[in-house]
Amino acid sequence: MAVAALPRTMDALSRRAAMLRDSLRRSQGNTDGMVAILGSFDHRLSALEAAMRPTQVRTHAIRTAHENIDKTIKAADGILSQFDLARRAEATILRGPHEDLEGYLEAVDVLKGIVRFFSSNKNFKSSETILNHVNNLLAKSTLKIEEEFKQLMSTYSKPIEPDRLFDCLPKSLRPTKGDNEADGGSHPSKGLETAIYRTPTLVPPRILPLMNDIAQQLVQAGNQQSCYKIYRDSRASALEVSLRKLGVEKLSKDDVQKMQWEALEAKIGNWIHFMRIAVKLLLAGERKICDQIFDGVNFNSGHCFAELTANSVITLFSFGDAVAKSKRSPEKLFVLLDMYEVMRELQPEIDEIFEGKPCTEMREAAASLTKRLAQTAQETFTDFEEAVEKDASKTIVQDGTVHPLTSYVINYVKFLFDYQSTLKLLFQEFDNSTEAESQLAAVTTRIMQALQNNLDGKSKQYKDPALTYLFLMNNIHYMVRSVRRSEAKDILGDDWIQRHRRIVQQNANQYKRVAWAKILQTLSVQGAGSTGDLSSSGVSRATIKERFKSFNMQFEELHAKQSQWIVPDQELRESLRLAVAEVLLPAYRSFIKRFGNLVENNKNPQKYVRYSPEAVDQLLGQFFEGQQWAEQKR
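Every value quoted in this text rests on a predicted model; they were computed, and no experiment measured them.

1. Here we look at the overall build of the protein chain
Move 1: Looking only at helices and strands, one finds 21 helices and 0 strands in the protein chain.
Move 2: Expressed as a percentage of contacts within the protein chain between residues at least 6 apart in sequence, the contacts between residues at least 24 apart total 82%.
Move 3: Approximately 35000 Å² of the protein chain is accessible, and the part contributed by carbon and sulfur atoms is 51%.

So this is what it looks like as structure tokens:
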């Protein structure tokens, strides 16, 4: 069955294959026909393109010609506009910059634009001619601008009057009306660092941009040297005259050496004041306008600023340098510290104003002066210490009071403590290894010890030992009291105070022992007579009389002498009188009580008992008042 069906299947497959072959033949015929048609189209298109090519060439040529005409018209318009600009700019240049400086500078910029235009279009026939003409105009404009710059610098480089500068100071530093000179002689008040200084207007703000434009033009035209010289000379002259009007003068070491102290002290005070004005107002103002005028200009403004300020800075520093190098003396220490203090205060501003390599010399000069002042101040310390110890003045205070040297040295030390912060900075200049406070304590201790050593020597000049001890007591007590009432207490410490208070007490005890031992011996029972009970024996009546007479004579002598002596401190004076009274009065009362009856029955008993214990007590109240000395003074 399956085999029988196979022929039929084969026939069917053969028929289908024949149909497929027939379809393929028809499709191939269609494809060949289409290719033939397309081929004919391509032939026709090629022919058409060949026919149109001449027309396309003509059209392109016309379009290019139009474009070239447009470009030529635009170029011609541009060139004509440049000629028009040149004509108008030329008129402005020929008029000069004086009437309208801003317009003149704009005209110069226009001419520079014309130069750039024709320099980039050198194929234009007349470009060389117009370039030569415009460059000639620019050369003329440069000369006129230079003249105008010189004129402006002259007009706006006038010296500043002192009153204008004083108005820029904080109120606390302005001189009072009627003062001929600035007041700067006293130690400057603390907190000046926060005071407000207003930089003066050296050149009107509206002029600065114009000067900046002119500087740009001059430098771009190659006239750097002219610009440099005009600016430097004008501003240097204005600065120097401003300082001279203020009172700044150049002085040498010899000039300083010849001055009387009062005159020198006044000049130093003024110099301190002038330094603040010069740095914070004048030099700061000069730096500001220099930076503004040459902002964005390819110009070495740092060198220019250094040169224009050089003479003024040398003049300013010369006085400080002369003082630092002049002969040292104790009274100069405080003005040296004032000068050192102001230099330290101004150093950051000096570094800022004179920043950059060209101004290195200025910064170094300021730092060198600061160091030299510190060195001289420190050497003056050492000189003072030696001078105190070796002071050989023959002055003797006859009344045993505080010696002038003591009050001078103590006041000196007190003043030192007004400069604590400055002294600490000064010590650190030379020794950072030790704390500044301990260095200050060491210096103060040495000065006080030098004074004490000198006082010991001076005390030996007295012939009366009692006055020797009274003198030492007074002077050491003055030292202790002054230290306790000043900032020196915190530096020297309680140990120093307690130790010296004991010295005061020891001298008081020594005075009491030496001055009153003899009179107390007179009142002593021992040795008054040959028997123990003189009241029942007439044998020693003469001795008792002599004792009373001796007491009277000695007491009167002591009163006459010691009422001229002085214990200036009231508390110490009362304490010393009380100490004497506590020893003398009980002994005198006891003596009168025991032996007074032996002389009471005499014809003239007051000859022996001349003073009652109350009278003695009253007279003791006159001791140490310097009465006779005071009478002589009156």
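2. Some remarks on the packing of helix H17 (residues 541-562) against helix H20 (residues 613-620)
Move 1: With their axes 11 Å apart at the nearest point, H17 and H20 run at an angle of 20° to one another. Taken together, the axis directions place H17 and H20 in an arrangement best described as roughly parallel. Once H17 is placed against H20, the crossing between them reads as left-handed. On the side of H17, the interface is formed by Phe 551, Phe 555 and His 559, while H20 contributes Val 616, Leu 619 and Leu 620.

3. Some points on the confidence of the model for the protein chain
Move 1: Averaged over every residue, the pLDDT of the protein chain is 82; residues scoring 70 or more account for 75%.
Move 2: Low pLDDT, under 50, characterises residues 629-634; the predicted model gives this stretch 2 contacts beyond four residues in sequence or across chains.

4. Quick look at the packing of aromatic side chains
Move 1: Taken as a whole and judged by the stated rule, the model has 22 aromatic pairs.
Move 2: With a centroid separation of 5.9 Å and an interplanar angle of 55°, the aromatic rings of Tyr 228 and Phe 299 are classed as tilted. Taken together, the positions of Tyr 228 in helix H6 (residues 224-246) and Phe 299 in the loop between helix H8 (261-293) and helix H9 (301-325) put the pair 71 residues apart, joining distant regions of the chain. Each member of the pair Tyr 228 and Phe 299 is classed as buried.
Move 3: Ring geometry for Trp 271 against Phe 319: centres 6.3 Å apart, planes inclined by 45°, an arrangement best described as tilted. Of this pair, Trp 271 sits in helix H8 while Phe 319 sits in helix H9, and the two are 48 residues apart along the sequence. Considered together, Trp 271 and Phe 319 belong to a single accessibility category, that of buried residues.

5. Looking at the side chain of Thr 370
Move 1: With respect to the helices and strands, the residue Thr 370 is situated in helix H11 (residues 360-390).
Move 2: For Thr 370, a relative accessible area of 4% puts it in the buried group.
Move 3: Apart from residues no more than four positions distant in its own chain, Thr 370 is found in contact with Tyr 340, Met 343, Arg 344, Gln 347 and Glu 429.

6. Some thoughts on the environment of Glu 147
Move 1: Along the polypeptide, Glu 147 turns up in helix H3 (residues 127-155).
Move 2: On a C-alpha basis, the gap between Glu 147 and Ile 230 in space is 9.7 Å, while along the polypeptide they are 83 residues apart.

7. Considerations on the nonpolar core
Move 1: Counting 153 residues, the largest nonpolar core has Tyr 231, Met 343, Tyr 511, Trp 516, Phe 555 and Leu 584 as the members making the most contacts within it.
Move 2: Apart from the residues within four sequence positions on either side, Leu 584 is in contact with Trp 516, Ile 519, Leu 520, Leu 523, Phe 551, Phe 555, Val 616 and Leu 620.

Parameters and conventions
Residues numbered from 1 in each chain as written. Predicted model: local features only at pLDDT ≥ 70, side-chain atom pairs only at ≥ 80, totals over all residues. Heavy atoms only, no water. Helix = DSSP H or I, 4+ residues; strand = E, 2+ residues; numbered from the N terminus. Contact = heavy atoms within 4.5 Å. Areas by Shrake-Rupley, 256 points an atom, 1.4 Å probe, with all protein chains shown as cover. Axes fitted to C-alpha atoms, helices over the stretch in contact; angles between N-to-C directions. Parallel < 35°, antiparallel > 145°, perpendicular 65-115°, else oblique. Left-handed = near helix turned anticlockwise from the far one by under 90°. pLDDT = per-residue confidence, 0-100. Phe/Tyr/Trp six-rings, centres within 6.5 Å; stacked < 30°, edge-to-face > 60°. Buried < 20%, exposed > 50% of the residue type's maximum accessible area, 1.4 Å probe, protein only. Core = buried A, V, L, I, M, F, W, Y, C linked by side-chain atoms within 4.5 Å.

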